[in-house]
Amino acid sequence: MTVRALAIARGVSVIGATAAIIAAATYAATFNTNTVAAQDINLNVSNDVLRIYDFDGAGYDATHTTNPGGSVQIHNITLVPGTESEHKPFYLKNLSANSFNLTAKANNPSLTGIGDTTKVHVYFYNKDNVQTGAATLADLMSGDQPTGLTIGPNATGSSASAVDGNYLVSFKIDLGALTGTSASVHSLDLLFTGTATVPDATPTPVPTATPVVTPTPTPVPTPVPTR
């Protein structure tokens, strides 16, 4: 590398480092706290054959008010901007003999100091804590989004072991979403809906036609003339 090129490269690196310092200082100056409070996050189930476990002592409630499948509140979560939150478990019960694919959508939550909902993320995990889907808050507010989660026939989630019906959810807010000196998320409702999976239809075998065998006519002997 020539001396001139080296000088240019060093200048670019200095500019980049200076920009990063300015950005960090601006963030620190405008945002008074290092965390975002996420409060009153409710998980709901819309299907009448699905139930969601209520951690407040009701268990798998059989009676429902707002939503057929019941609801459960994830108590306050503290979010560090730019960092995914801890994974919060929730449990579903399937009262039917069908399997379901789960989608999710969100209401319009109360947001303070958050200007861009495309920079607020929700992640979905299966019973093995493997991520199966992700969506932005903007996507969820626009309608049902795939989560990659499924629940099998008559499955019942349990905190005792990793079984079908166990799931986890987490949240993340990017720094670019913040607009004020503090930020918070209130009254975020996530509604899960199960769509029954239809197994691939097994084609009915077409019976093989029995070939028609035409009998060969027995030849009639030619009479011998009498002398």
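Residues numbered from 1 in each chain as written. Predicted model: local features only at pLDDT ≥ 70, side-chain atom pairs only at ≥ 80, totals over all residues. Heavy atoms only, no water.

Let's talk about the side chain of histidine 121
And then number 1: Examined against the element boundaries, histidine 121 turns out to sit in strand β9 (residues 120–125).
And then number 2: Reaching out from histidine 121, the side chain makes a polar contact with the side chain of aspartate 174 at a distance of 2.8 Å.
And then number 3: Beyond its immediate chain neighbours, meaning those up to four positions away, histidine 121 contacts Ala135, Thr136, Ser170, Phe171, Lys172 and Asp174. (Helix = DSSP H or I, 4+ residues; strand = E, 2+ residues; numbered from the N terminus. Polar contact = N/O pair within 3.5 Å; in protein donor to acceptor, adjacent residues only side chain to side chain. Contact = heavy atoms within 4.5 Å.)

Quick look at the packing of aromatic side chains
And then number 1: Per the stated rule, a full pass over the model turns up five aromatic pairs.
And then number 2: Here phenylalanine 90 and tyrosine 167 contribute two aromatic rings whose centre-to-centre distance is 5.5 Å and whose plane-to-plane angle is 35°, an arrangement assigned as tilted. In this pair, phenylalanine 90 is assigned in strand β6 (residues 88–94) and tyrosine 167 in strand β12 (residues 166–173), connecting sequence segments 77 residues apart.
And then number 3: Arranged with centres 6.1 Å apart and planes meeting at 85°, the rings of phenylalanine 124 and phenylalanine 192 form a pair that is edge-to-face. With a gap of 68 residues between them, phenylalanine 124 in strand β9 and phenylalanine 192 in strand β13 (residues 184–196) connect regions that are remote in the sequence.
And then number 4: On the basis of relative accessibility, which here comes to 1%, the residue phenylalanine 192 falls in the buried class. (Phe/Tyr/Trp six-rings, centres within 6.5 Å; stacked < 30°, edge-to-face > 60°. Buried < 20%, exposed > 50% of the residue type's maximum accessible area, 1.4 Å probe, protein only.)

What to know about the sheet that holds strand β10 (residues 131–136)
And then number 1: The strand order β3-β2-β6-β12-β9-β10 describes an open sheet built from six strands, whose pairing is antiparallel. Edge positions in the sheet fall to β3 (59–60) and β10, since each has one partner strand and no second.
And then number 2: Where β6 meets β12, four bridges bridge the pair, whose relative direction is antiparallel. Each bridged residue has a counterpart across the sheet, and for proline 89 the counterpart in β12 is leucine 168. (Pairing = 2+ DSSP bridges.)

Brief notes about the nonpolar core
And then number 1: Core analysis: the biggest nonpolar cluster contains 38 residues, and Leu43, Phe90, Val169, Phe171, Ile173 and Leu190 have the highest contact counts within it.
And then number 2: It is strand β1 (residues 36–45) that provides the largest number of residues to this core, a total of five residues.
And then number 3: Apart from the residues lying within four places of it in its own chain, the contact partners of phenylalanine 90 are Leu43, Ile52, Phe55, Leu149, Gly165, Asn166, Tyr167, Leu168, Val169 and Phe192. (Core = buried A, V, L, I, M, F, W, Y, C linked by side-chain atoms within 4.5 Å.)

So, the pattern of salt bridges
And then number 1: Counting across every chain of the model gives four salt bridges.
And then number 2: Salt-bridge contacts for glutamate 86 lead to lysine 88; the nearest nitrogen and oxygen are separated by 3.5 Å.
And then number 3: We classify glutamate 86 as exposed; its relative accessible area is 52%.
And then number 4: A salt bridge links aspartate 116 to lysine 119; the shortest N-O distance between them is 2.9 Å.
And then number 5: Owing to a relative accessible area of 23%, aspartate 116 belongs among the partly exposed residues under this scheme. (Salt bridge = Lys/Arg side-chain N within 4 Å of Asp/Glu carboxyl O.)

Some thoughts on the environment of leucine 178
And then number 1: Residue position: leucine 178 is located in the loop between β12 and β13.
And then number 2: Under the relative-accessibility criterion, leucine 178 is labelled buried at 15%.

Let's talk about the environment of leucine 79
And then number 1: With respect to the secondary-structure elements, leucine 79 resides in strand β5 (residues 77–79).
And then number 2: For the pair leucine 79 and isoleucine 173, spaced 94 residues apart in sequence, the C-alpha separation works out to 7.3 Å.

Quick notes on empty space enclosed by the protein
And then number 1: Considering all chains together, one arrives at one cavity of 30 Å³ or more under this definition.
And then number 2: By volume, the largest cavity is sized at about 70 Å³.
And then number 3: Every residue lining the largest cavity is listed: Ala38, Ile41, Leu79, Val120, Val122, Leu137, Phe171, Ile173, Val185 and Leu188.
And then number 4: Breaking the lining of the largest cavity down by element, the ones donating at least two residues are β1, β9, β12 and β13.
And then number 5: In terms of residue class, the lining of the largest cavity is made up of 10 nonpolar, no polar and no charged. (1 Å grid on protein atoms, 1.4 Å probe; cavity = no way out; pocket = protein on both sides within 12 Å on 5 of 7 lines; lining within 4 Å. Points joined across faces, edges and corners; volume = space filled by probe spheres on them. Nonpolar A, V, L, I, M, F, W, Y, C, P; charged D, E, K, R; others polar.)

What to know about the environment of threonine 156
And then number 1: Inspection of the secondary structure assignment puts threonine 156 in the loop between β11 (145–151) and β12.
And then number 2: Sequence spacing of threonine 156 and isoleucine 52 is 104 residues, and the spatial spacing of their C-alpha atoms is 9.6 Å.
And then number 3: When near neighbours in sequence (up to four residues on either side) are disregarded, threonine 156 contacts Tyr60, Leu92, Lys93, Val163 and Asp164.

So yeah, pure geometry; function would need other evidence.
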